[in-house]
There are 2 protein chains.
Amino acid sequence: MARRRGSGAAPSVSVLRLGHRPGRDPRLTTHVALAARALGAERLFLHPPDPALAGRIADVARDWGGRFEVVGVDDWRRTVRQFDGPVIHLTMYGEPIDRVLPALAGEKRVLAVVGGAKVPSEIYRLASRNVAVGDQPHSEVAAVAVFIDRLRGTPAASTWTGARRRIVPQARGKRVRVANAPRGRS
Amino acid sequence: MARRRGSGAAPSVSVLRLGHRPGRDPRLTTHVALAARALGAERLFLHPPDPALAGRIADVARDWGGRFEVVGVDDWRRTVRQFDGPVIHLTMYGEPIDRVLPALAGEKRVLAVVGGAKVPSEIYRLASRNVAVGDQPHSEVAAVAVFIDRLRGTPAASTWTGARRRIVPQARGKRVRVANAPRGRS
């Protein structure tokens, strides 16, 4: 099911979510985290940290497999500065994604940054590039999902190592295969 | 900037959002609506109706152009039955999107259905197809965005007729061109 553009391995993706408000809007950040994981990102850096949310996502990853993790960060500027690859700030004000993608295809790893309504303006300067997934107001959940999908396609089934639960795709209804005993993550 | 797969015009897309809870979780439905609009859908059917939310999205469409609208529906089953094209229920339990997309490319219009946590099980039977954007738990915002992007690509600039505000893409910072006088929607 994996869809890769171009030749060679696609870059691995980490996501940095800025402007999370612990205790106030867990669902949108939860959607960012779940979408990032489902599309094959490796981790979500979350500023400010939210251990409760990280725990809920860890539960999902334990059940459904793979290595995704939520990493709380107090100093997001350091996360951006120390990242070993291009830092792509997703914003409606940036360059069209179609123009930027070819330059990213050869990278080993990419950090995608999404904010909420009040993203610190510094990020426009600190990012390697500011990239628009459409030049219209929309959703950081949608932007990060489309960005990762364009870069990597949907993940191969082999991504979900150690899964306790696996879906058996159906034309109608739901079918889930549950492992007999919990397995450790490989 | 438009990216079309295959030859000919891509199908137009309407979205049906089930399980909205007016007054309780406006933001997730708002994100579904904004993502659908930004990716080029024509309308969001919303069940149950939420005039306040529809009004906020109408404000966005008035400022930023195009014809997107939120249509409240009391009887979502009728919306599904009367839709003149394939009805695609987006669910992690369905058939892989890669397998389904080629069959949709020749359609004139497609209805994408997304639910919340508690989607009525009837929809699995009423839909033409149940389709998975990745076989992992994630986000209806992400699923609908990736689905439309795969089907149509990002919208051409000509989509946003009558816009009062247009972004001028920038490598750094924000630039918006504001029309001198409000224009009617064409």
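Just above, that's the structure.
This is a predicted model, so every value here is computed, not measured. (Residues numbered from 1 in each chain as written. Chains lettered and ligands numbered in written order. Predicted model: local features only at pLDDT ≥ 70, side-chain atom pairs only at ≥ 80, totals over all residues. Heavy atoms only, no water.)

**Q** I tried to follow the interface of chain B and chain A on my own but got confused; where do I start?
**A** How big an interface is tends to be reported as the loss of accessible area on association of its parts. Contact with chain B, which involves 53 residues of that partner, is made by 53 residues of chain A. Of all residues in chain B, the largest losses of buried area upon contact with chain A belong to Tyr93, Gln136 and Ile167 of chain B, amounting jointly to 14% of the total for that side. Put simply, chain B and chain A have 2 salt bridges between them. Close ionic contact of Arg150 of chain A with Asp149 of chain B constitutes a salt bridge, the shortest N to O distance being 2.7 Å. Summed over the shared surface of chain B and chain A, the number is 18 residue pairs in polar contact (both at pLDDT 80 or more). Listing elements by their share of the side of chain B that touches chain A, those giving two or more residues are α1 (26-38), α2 (51-64), β4 (87-96), α5 (122-126) and α6 (140-152) of chain B. (Contact = heavy atoms within 4.5 Å. Buried area = accessible area lost by both parts, 1.4 Å probe. Salt bridge = Lys/Arg side-chain N within 4 Å of Asp/Glu carboxyl O. Polar contact = N/O pair within 3.5 Å; in protein donor to acceptor, adjacent residues only side chain to side chain. Helix = DSSP H or I, 4+ residues; strand = E, 2+ residues; numbered from the N terminus.)

**Q** Would you mind going over the sheet that holds strand β2 (residues 43-46) of chain B with me for this structure?
**A** Note: strands within a sheet are paired through backbone hydrogen bonds, in either parallel or antiparallel orientation. All names here are of chain B. Ordered in space as β3-β2-β1-β5-β4-β6, the 6 strands form an open sheet in which the pairing is parallel. Since the sheet does not close on itself, it has two edges, and those belong to β3 (69-72) and β6 (129-132), each with one partner. Here the strands of the sheet are splayed against their neighbours by 35 degrees on average, with no regard to which way each runs. Inspection of the sheet shows strand β1 (residues 12-17) paired to β2 by 4 bridges, in the parallel sense. In the sheet register, Ser14 faces β2, and the bridge partner there is Arg43. (Pairing = 2+ DSSP bridges. Axes fitted to C-alpha atoms, helices over the stretch in contact; angles between N-to-C directions.)

**Q** Please clarify how the environment of Arg37 of chain B should be interpreted in this entry.
**A** Mapped onto the elements, Arg37 of chain B comes out in helix α1. On the accessibility criterion, Arg37 of chain B (0% relative accessible area) is buried. For Arg37 of chain B, the residues in contact, after removing those within four places along its chain, are Gln136 and Pro137 of chain A together with Val60, Ala61, Trp64, Gly65, Phe68 and Trp160 of chain B. Among the polar contacts made by the side chain of Arg37 of chain B, one reaches the main-chain carbonyl oxygen of Trp64 of chain B at a distance of 3.3 Å. (Buried < 20%, exposed > 50% of the residue type's maximum accessible area, 1.4 Å probe, protein only.)

**Q** Sorry if this is basic, but what is going on with the sheet that holds strand β1 (residues 12-17) of chain A here?
**A** All names here are of chain A. If you trace the 6 strands from one edge of the open sheet to the other, you get β3-β2-β1-β5-β4-β6, paired in parallel fashion. A strand with exactly one partner marks an edge of an open sheet, and here the two such strands are β3 (69-72) and β6 (129-132). Between one strand axis and the next, the sheet turns through 35 degrees on average, direction left out of account. Note that strand β4 (residues 87-96) and strand β5 (residues 109-114) share 3 bridges and pair parallel. Counted as the bridge partner of Val87 is Leu111 from β5. Together, β1, β2 (43-46) and β5 form the strand contacts of helix α1 (residues 26-38), whose direction differs from that of β1 by roughly 175 degrees. The sheet contacts of helix α6 (residues 140-152) involve β1, β4 and β5, and relative to β1 the element is tilted by about 165 degrees.

**Q** Would you mind showing me how to read the side chain of Thr91 of chain A here?
**A** Residue and element names in this part refer to chain A. Examined against the element boundaries, Thr91 turns out to sit in strand β4. The buried category is assigned to Thr91, whose relative accessible area is 9%. Filtering out sequence-adjacent residues up to four positions away, Thr91 remains in contact with Tyr124, Asn130, Val131 and Ala132.

**Q** Help me out: how do you make sense of the pattern of salt bridges in this one?
**A** Note that side chains of opposite charge can pair when their charged atoms are close. Residues and elements named next belong to chain A. For the coordinates displayed, the defined rule picks out 20 salt bridges over all chains. In this structure, Arg62 engages Asp59 in a salt bridge whose closest nitrogen and oxygen atoms are separated by 3.2 Å. Of this pair, Arg62 and Asp59 both sit in helix α2 (residues 51-64), 3 residues apart, roughly one helical turn. When salt bridges with common partners are traced through the structure, they connect Glu42, Arg43 and Glu69 into a single cluster.

**Q** How should the relation of the copies chain B and chain A be read in this particular structure?
**A** Here the second copy of the chain follows from the first by a rotation about an axis and a shift along it. Least-squares fitting of chain B to chain A yields an RMSD of 0.0 Å, with the superposition described by an axial translation of 0.0 Å and a rotation of 180 degrees. Here the symmetry operator amounts to a two-fold rotation axis. Relative to the rotation axis, the closest C-alpha in chain B is found at Ala142 of chain B, a distance of 2.4 Å. Counting the interface residues of chain B, we find that 100% of their copies in chain A are interface residues as well, pointing to one common contact surface. (Least-squares fit on C-alpha atoms with pLDDT ≥ 70 in both.)

**Q** I would appreciate a short explanation of the packing of α1 of chain B against α6 of chain B in the present structure.
**A** Residue and element names in this part refer to chain B. Between α1 and α6, the shortest axis-to-axis distance is 9 Å and the interhelical angle comes to 10 degrees. With respect to each other, α1 and α6 are oriented roughly parallel. For the pair α1 and α6, contact is made by Leu28, His31, Val32, Ala35 and Ala36 and by Glu140, Val141 and Ile148, respectively. Taken together, the residues of the contact of α1 with α6 sort by class into 6 nonpolar, 1 polar and 1 charged. (Parallel < 35°, antiparallel > 145°, perpendicular 65-115°, else oblique. Nonpolar A, V, L, I, M, F, W, Y, C, P; charged D, E, K, R; others polar.)

**Q** Would you mind showing me how to read α6 of chain B here?
**A** Residue pairs three or four apart in sequence face the same way in an α-helix, which turns once every 3.6 residues. Residues and elements named next belong to chain B. Compared with an ideal rise of 1.5 Å per residue, which puts 13 residues at 18 Å, α6 spans 18 Å between its outermost C-alpha atoms and is within 8% of the ideal. In terms of residue burial, α6 counts as a mostly covered element, since 13 of its 13 residues are buried. You can read the cap of α6 off the contacts: a side-chain oxygen lies 3.1 Å from the backbone nitrogen of Val141, and it is on Ser139. The positive-phi residue at the C-terminal boundary of α6 is Gly153, with phi of around 75 degrees. (Expected span 1.5 Å × (residues − 1).)

**Q** Before we go on, may I ask you to explain the environment of Arg175 of chain B in this structure?
**A** Looking at the element boundaries, Arg175 of chain B is found in the loop between β7 (165-167) and β8 (176-178). Residue classification places Arg175 of chain B among the partly exposed residues on the basis of a relative accessible area of 43%. Among residues more than four places away in sequence, those in contact with Arg175 of chain B are Tyr93 of chain A together with Arg166, Ile167, Val168 and Gln170 of chain B.

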